[in-house]
Amino acid sequence: MCLRLALALLILFLPAQPGRAEVDTEALARSLQQHNVSHETVFVTTDADGLTAEARDQRYMLGDAGQYVLALATLRLVDRGLVGLDNPVSGYLPDIVEKNPFRVAVTVRHILAGTAGYAVPPARYMDPGAPGAPLRAYAIEMRTAGQAASEDPVAWAILVQLLEHVAGKPIADIVADEVDRPLGLVPGAHTVPAAGNNGGALFAPVYGQTATGDALATLVKVLLSNRGAAGAPYLSEALNAALVTRSSFRLHPLAPAHMLGVTRHFGGGLSWLAVGDRCDGGAAAMVFTNAQVAFVRLPDGAVACGGTAWAPVYKTARDLFPTEDQTARTDAAANLAPPSELGGRYVATGHQSDWLQARLLSLELDYADLTPRGDDLVLSGPGPAASGRVFSPGSPYFYESRDGTPLVLSPYRLGGYMLVDGQLFRFVGAIGDPRYVIKPFPWVVLVLLSSIAYIRSRTDRAWRFMAGFGFAGTLMILAGLWCEWNLWPEVVYGEGRVWLVTLWRLVLNAGLMLVLTLPLFCISFQKRGLMPQKGVAFLIAVPHLLALMFAALAMLAILSTWGLAGTFTGP
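Worth saying up front: this structure is predicted, and the values here are computed from it rather than measured.

Rules used in this analysis
- Residues numbered from 1 in each chain as written.
- Predicted model: local features only at pLDDT ≥ 70, side-chain atom pairs only at ≥ 80, totals over all residues.
- Heavy atoms only, no water.
- Helix = DSSP H or I, 4+ residues; strand = E, 2+ residues; numbered from the N terminus.
- Buried < 20%, exposed > 50% of the residue type's maximum accessible area, 1.4 Å probe, protein only.
- Contact = heavy atoms within 4.5 Å.
- Areas by Shrake-Rupley, 256 points an atom, 1.4 Å probe, with all protein chains shown as cover.
- Lys, Arg positive; Asp, Glu negative; His and termini not counted.
- Charge placed at Lys NZ, Arg CZ, Asp CG, Glu CD.
- Pairing = 2+ DSSP bridges.
- Axes fitted to C-alpha atoms, helices over the stretch in contact; angles between N-to-C directions.
- pLDDT = per-residue confidence, 0-100.
- Parallel < 35°, antiparallel > 145°, perpendicular 65-115°, else oblique.
- Left-handed = near helix turned anticlockwise from the far one by under 90°.
- Nonpolar A, V, L, I, M, F, W, Y, C, P; charged D, E, K, R; others polar.
- Polar contact = N/O pair within 3.5 Å; in protein donor to acceptor, adjacent residues only side chain to side chain.
- Salt bridge = Lys/Arg side-chain N within 4 Å of Asp/Glu carboxyl O.
- Phe/Tyr/Trp six-rings, centres within 6.5 Å; stacked < 30°, edge-to-face > 60°.
- Lys NZ or Arg CZ within 6 Å of the ring centre and 35° of its normal.

Trainee: Could you clarify how one ought to interpret the overall build of the protein chain in this entry?
Mentor: Helices and strands together make up the secondary structure of the protein chain, namely 21 helices and 18 strands. Taken over the C-alpha atoms alone, the protein chain extends approximately 125 × 55 × 40 Å along its principal axes. For the protein chain, with 571 residues in total, the buried portion stands at 51%. Looking at the protein chain alone, contacts between residues at least 24 apart form 67% of all its contacts between residues at least 6 apart. Summing over all exposed atoms, the protein chain offers an accessible surface of approximately 26300 Å²; the carbon and sulfur share of this is 58%. Charge separation in the protein chain, taken as the distance between the mean sites of 43 positive and 46 negative side-chain charges, equals 10 Å.

Okay, here's the thing in structure tokens:
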């Protein structure tokens, strides 16, 4: 009798076991219905879920959520010692990622946190059926690793190659051994396409995964319980913390925290892990680890994403889930040194491209201007995030609009990056203003081409040389720019013939050198007394030469801003 009483008291006073859902599932279902949550979004706990019998067996595209699965497989290999989170990728794949002592080495952690910094290819070169170049041609570093988190399909394709290299088997087998079987998924419930050797097939394992509704729920439960099918821990305690609670990158203490394959968001005293949700029509999840409840969106073919798609679910979370202490985040933000000055032009950089056409179009179409107004900042521009809203200061580098929308600036480089409405912007200032670096270009070209007017000059043969150099150099620049604008993506991503890029950049820079001789010619004419002394030439020569000098220097400035002046090799 005493033994039974002791056991009863022990059970009564033992703390609740982690991984057990405390929220009433009936209350969950009622709240979701009350807030008009679409039937494609279901709840998942460690004990139950809201899947219908049809959804349980229906197969869904994972889309961007496939990266979460690849992260799980990677962490399992880290646990086994086959992969090091902070090891440079170049040590595993030297033929794809070159070791460069002058750049921060891209590590496995950078890939999982989204901070590797590779350029994003045009969508047509990531289509599974699109032929193209080998992966090495895609590995174009656009940003220093660890600087900012953004979409990076190339980094994930590199990770797939790395996993296959260290495990010695195809990625589908790796995921089956490290994810599916340990979680008790039946064969065929989750599929991973094979990784091709080139072109769009490189990205098939990243974006082409499928899973049944039941498998989706099981995959998400790992974030709630860290338990496999047999009840044993799925990941070691340290790696599970890196997956769920410990940030690997954060733009600001009050910004979303990038973990390893997932992102933790904060709002209204709550925090949740986001899986997928890059507006690609694939599955996505909103995981509240504190409440031990996840919400999974089963894709129905329509592209719904962001705050609008999750707003009703968030209302349910506010109704039912306990708030969390976020004092550490607010204290860390308050301790930042306030900037002396903020504002200027920012350009969208969450989908970064190395293609000149895409970069220049972003300068004109995807920019945002921050204008100080007293202590506030006014956001304006043509992009979706720029609607003339006023943001008031909360803590250093953190502002909020009246509707509670945050505008977060990075302390790095005194606001070098801005995050608003889930979109990442990079500070460019005047060098990213089309008024200075794009719109003058046609006029500069016309002035430089007008140098041909002196091709038959009788004043001195130096005038004829100047005319030939200026006209030929301008044509060479235009030829190189035409290739950059029209041929670059196909040559790099489609064919992998980077030497062609090097060839036309040599032509372009040789043309720039010829154009830069114009100021020297103009100065020499004045010093040697070779200026016309009578007639119409006497009246227009001086202003025309001045115009040629300024046009040559403007061409140098524009091409430098575009990243082409002095760049003699391909990516």
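There's plenty left to go through after this.
Trainee: I would appreciate a short explanation of the sheet that holds strand β14 (residues 390–395) in the present structure.
Mentor: One key point about sheets: their strands pair by backbone hydrogen bonds, in either a parallel or an antiparallel sense. Strand order in this closed barrel of 8 strands is β11-β12-β13-β14-β15-β16-β17-β18, and the pairing throughout is antiparallel. Going from strand to strand, the sheet's axes swing by 30 degrees on average, the running direction of each strand aside. Note: strand β11 (residues 344–348) against strand β18 (residues 423–427), 3 bridges, orientation antiparallel. If you follow valine 347 over to β18, its bridge partner there is arginine 426. Set on the sheet, helix α14 (residues 356–365) makes contact with β11 and β12 (367–373); between it and β12 the angle comes to about 40 degrees.

Trainee: Help me understand the confidence of the model for the protein chain, please; the structure alone is not making it clear to me.
Mentor: When pLDDT is low, close inspection of the predicted coordinates is not appropriate. With 92% of its residues at a pLDDT of at least 70, the protein chain reaches an overall mean of 88. Within the model, the stretch residues 1–21 combines pLDDT values under 50 with 12 contacts to residues more than four positions away or in other chains.

Trainee: Which parts of the structure should I look at to understand the pairing of strand β1 (residues 41–44)?
Mentor: In the case of a regular strand, side chains alternate between the two sheet surfaces. Both faces of β1 are covered, namely the face carrying Thr41 and Phe43 and the face carrying Val42 and Val44. Examined bridge by bridge, β1 and strand β10 (residues 293–297) share 4 bridges and lie antiparallel to one another. Counted as the bridge partner of phenylalanine 43 is phenylalanine 295 from β10.

Trainee: Can you walk me through the environment of alanine 195 in this structure?
Mentor: Structurally, alanine 195 is set in the loop between β3 (190–191) and α9 (204–207). Each C-alpha atom, one on alanine 195 and one on histidine 258, is 26 Å from the other, the two residues being 63 residues apart in sequence. Setting aside anything within four residues of it in sequence, one finds alanine 195 in contact with Val160, Gln161, Glu164, Ile171, Ala201 and Pro205.

Trainee: Quick question: what am I supposed to make of the packing of helix α4 (residues 66–79) against helix α10 (residues 213–225) here?
Mentor: A pair of packed helices is characterised by two quantities: the angle between their axes and the separation of those axes. Where α4 meets α10, the axes come as close as 11 Å, and the angle between the chain directions of the two elements is 55 degrees. With respect to α10, the element α4 is oriented oblique. Along this stretch, α4 crosses α10, giving a crossing that reads as left-handed. Of the residues in α10, those in contact with Tyr68, Val69 and Leu72 of α4 are Leu219, Val220, Val222 and Leu223. When its residues are assigned to classes, the contact of α4 with α10 shows 7 nonpolar, no polar and no charged.

Trainee: Can you help me understand the environment of arginine 458 in this one?
Mentor: Considering the arrangement of structural elements, one finds arginine 458 in the loop between α16 (441–449) and α17 (461–486). Here the alpha-carbon distance between arginine 458 and glycine 422, two residues 36 residues apart in the chain, equals 64 Å.

Trainee: Teacher, can you tell me more about the sheet that holds strand β4 (residues 210–212) here?
Mentor: If you walk across this open sheet you meet the 3 strands as β2-β4-β3, and the pairing is antiparallel. Each of the sheet's edge strands pairs with one partner strand only, and the pair in question is β2 (59–61) and β3. Sheet topology places β2 next to β4; 3 bridges connect them, and they run antiparallel. In the strand pairing of β4, arginine 59 is matched with threonine 212.

Trainee: Mind showing me how you'd approach the side chain of serine 401 here?
Mentor: Topologically, serine 401 is positioned in the loop between β15 (398–400) and β16 (406–409). In terms of polar contacts, serine 401 uses its side chain to reach the side chain of aspartate 403, at 2.3 Å. Apart from residues no more than four positions distant in its own chain, serine 401 is found in contact with Val390 and Phe391.

Trainee: I tried to follow the pattern of salt bridges on my own but got confused; where do I start?
Mentor: As enumerated under the stated definition, the model contains 16 salt bridges in all. We note a salt bridge from glutamate 98 to arginine 136, for which the minimum N-O separation is 2.3 Å. Here the residue glutamate 98 occupies a position in the loop between α4 and α5 (108–113), and arginine 136 occupies one in helix α6 (residues 135–138), the gap between them amounting to 38 residues. By relative accessible area, which is 52% here, glutamate 98 ends up exposed. Via salt bridges that share partners, Arg345, Asp369, Asp433 and Arg435 belong to a single interconnected network.

Trainee: Got a minute to help me understand the packing of aromatic side chains in this structure?
Mentor: How two aromatic rings sit relative to each other is set out by the distance from centre to centre and by the angle between their planes. The final tally for this structure, using the stated rule, is 17 aromatic pairs. Taking the centre distance of 4.3 Å and the plane angle of 5 degrees together, the rings of tryptophan 463 and phenylalanine 525 count as stacked. Of the two residues, tryptophan 463 is situated in helix α17 and phenylalanine 525 in helix α20 (residues 517–528); the sequence distance between them amounts to 62 residues. Residue phenylalanine 525 is classed as buried on the basis of its relative accessible area of 0%. Ring centres of tryptophan 488 and tyrosine 493 lie 5.6 Å apart, and the angle between their planes is 85 degrees; this geometry places the pair in the edge-to-face category. Each member of the pair, tryptophan 488 together with tyrosine 493, is buried. Three or more aromatic residues link up through ring pairs in this structure, and these residues are Tyr454, Trp463, Phe465, Phe469, Phe521 and Phe525. Taking the ring centre of phenylalanine 266 as reference, the NZ or CZ of arginine 329 above it sits at 3.6 Å. Its end group placed over the ring of tyrosine 367, arginine 345 keeps NZ or CZ at 3.8 Å from the ring centre.

Trainee: Would you take a moment to explain the side chain of glutamate 164 for this structure?
Mentor: Its place among the elements puts glutamate 164 in helix α7 (residues 153–167). The side chain of glutamate 164 sits in the buried core without any salt bridge; lysine 169 is the nearest counter-charge, 11 Å away. With residues near it in sequence (within four places) discarded, glutamate 164 still touches Lys169, Pro170, Ile171, Ile174 and Ala195.

Trainee: So what exactly am I meant to see when it comes to the packing of α4 against helix α8 (residues 171–180) here?
Mentor: Two elements in contact, α4 and α8, have axes separated by 9 Å at closest approach and are oriented at 70 degrees. One finds that α4 runs roughly perpendicular with respect to α8. Across from Val69, Leu70, Leu72, Ala73, Arg76 and Leu77 in α4, the residues of α8 making contact are Ile171, Ile174, Val175, Glu178 and Val179. Tallied by class, the residues present in the contact of α4 with α8 amount to 9 nonpolar, no polar and 2 charged.

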